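# A closer look at the structure
Each chain, letter by letter, is given below.
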Amino acid sequence: MIQFLSAQAIEDSAATFLKKYHPERPLPIPIEEILDLKLGLNIIPIPGLFNLHNIDAFLSSDLTGLYIDHDHLEYRYSRARYSLAHEAGHLMLHGDYLAGLKMNSLEMWKEVVLGKGTGHAMMETQANMFASFLLMPRDHVEREFEKVKAELKANPFFSQAKFLLDDITLAPFVAGKMGRIFDVSEEAAQYRLINWINAR
């Protein structure tokens, strides 16, 4: 059975993962290298995975392989990085549960992990949160946001603003640059920033 996990518990799990597998923590977090070289996961690109099955990546039933859409890995690497971190979330948060299910088909994986009315969609939410915390750790987010925010506020467009430039207002404007720093999509960066700002 899948447990409810608070955002703090998931963030703590991601921090523990980083402390164990990437203690130096320079950016961007090298998630592919961690999974491949430190966890020994076999990363297997599958042509057309997303187009055929509407999924970016999934773990093998024995949790030793990670299948990922070939085109994402080759041409949309920021998206692939998020997918890899998402699957790391499943491995860390749900690995014991998934290993016990002995899934033998992609359809069974989709039913169990994606929900399909079973109530397991919570697993996807938790894995997304883990990926966000893993690729954009809080201390790095705080430091980089202050740097990017200072640059943005010096821009004449914002210096003439007649309204208060609070962090929530600025978040969408800095998300693109933050995404490049962390090597995630602009959308993922904005989501992480807004959640971080609201949780302070």
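Going along each chain's sequence as written, the residues are numbered from 1 onward. Restriction of local features to residues with pLDDT of at least 70 applies here, the model being predicted, together with a cutoff of 80 or more for giving and counting side-chain atom pairs; totals for whole chains, interfaces and linings are based on all residues. The side-chain numbers reported here are obtained from all heavy atoms of the structure, hydrogens and water having been left aside.

### What to know about the side chain of S83
Mapped onto the elements of the fold, S83 is located in helix α5 (residues 77-99). Judged by relative accessible area, which is 8%, S83 ranks as buried. Throughout, a contact is declared for two residues whenever any of their heavy atoms are within 4.5 Å. In contact with S83, not counting residues within four places along its chain, are D56, A57 and I68. Runs of E in the DSSP output that reach at least two residues are strands. Runs of H or I that reach at least four are helices, and both are numbered from the N terminus. Residue exposure (1.4 Å probe, protein chains only): buried if accessible area is under 20% of the type maximum, exposed if over 50%, otherwise partly exposed.

### With respect to the nonpolar core
For the purposes of this section, nonpolar cores are sets of buried Ala, Val, Leu, Ile, Met, Phe, Trp, Tyr and Cys residues that join through side-chain atoms within 4.5 Å. The biggest cluster of nonpolar side chains holds 58 residues, and the ones touching the most others in it are F17, I31, L35, L134 and M178. At 7 residues, helix α7 (residues 121-135) tops the list of elements feeding residues into this core. Ignoring any residue separated from it by four or fewer positions in sequence, one finds M178 in contact with V141, E144, F145, V148, A189 and L193.

### Remarks on the sheet that holds strand β2 (residues 57-59)
Note: strands within a sheet are paired through backbone hydrogen bonds, in either parallel or antiparallel orientation. Any two strands with at least two DSSP bridges between them are considered paired. Overall, mixed pairing links the 3 strands, which are arranged β1-β3-β2 in an open sheet. Strand pairing shows two members of the sheet lacking a second neighbour, β1 (42-46) and β2, which therefore form its edges. Across this sheet, the average inter-strand angle for adjacent strands is 20°, counted without regard to direction. Both β2 and strand β3 (residues 65-69) contribute to a ladder of 3 bridges, which runs antiparallel. Counterpart to F58 in the pairing with β3 is Y67. Axis geometry follows a simple rule: fit a line to the C-alpha atoms, using only the stretch in contact for helices, then measure angles between N-to-C directions, giving values from 0 to 180 degrees.

### Looking at the pattern of salt bridges
Think of a salt bridge as a Lys or Arg side-chain nitrogen and an Asp or Glu carboxyl oxygen that are within 4 Å of each other. Following the criterion strictly, the structure yields 10 salt bridges and no others. Salt bridges here are not isolated pairs; linked through shared partners, they connect E146, K149, D167 and R200.

### Quick notes on the side chain of S60
With respect to the element layout, S60 can be found in the loop between β2 and β3. Ignoring any residue separated from it by four or fewer positions in sequence, one finds S60 in contact with G65 and Y67.

### Observations regarding helix α2 (residues 31-38)
Looking at α2, one finds that the buried residues are I31, I34 and L35. With its buried residues spanning 90° around the axis, α2 presents them on a single face. Lining the buried residues of α2 we find α1 (7-21), β1, β3, α5 and α7. G40 occupies a position one or two residues after α2 and carries a positive phi of about 70°. It is the directions from the helix axis to the C-beta atoms whose arc is reported.

### Observations regarding unusual backbone geometry
Cis peptide bonds are those with omega within 30 degrees of zero, and the linkage from L27 to P28 qualifies with -10°. You can see P28 is positioned in the loop between α1 and α2. Despite not being glycine, N54 has its phi angle at roughly 60°, a positive value. A residue is classified by how much of its surface remains accessible, and N54, at 58% relative accessible area, is exposed. If you check the backbone angles, D183 has positive phi at about 55° while not being a glycine. With respect to the helices, strands and loops of the structure, D183 is situated in the loop between α10 (167-182) and α11 (186-199). When its relative accessible area of 23% is taken as the criterion, D183 is described as partly exposed.

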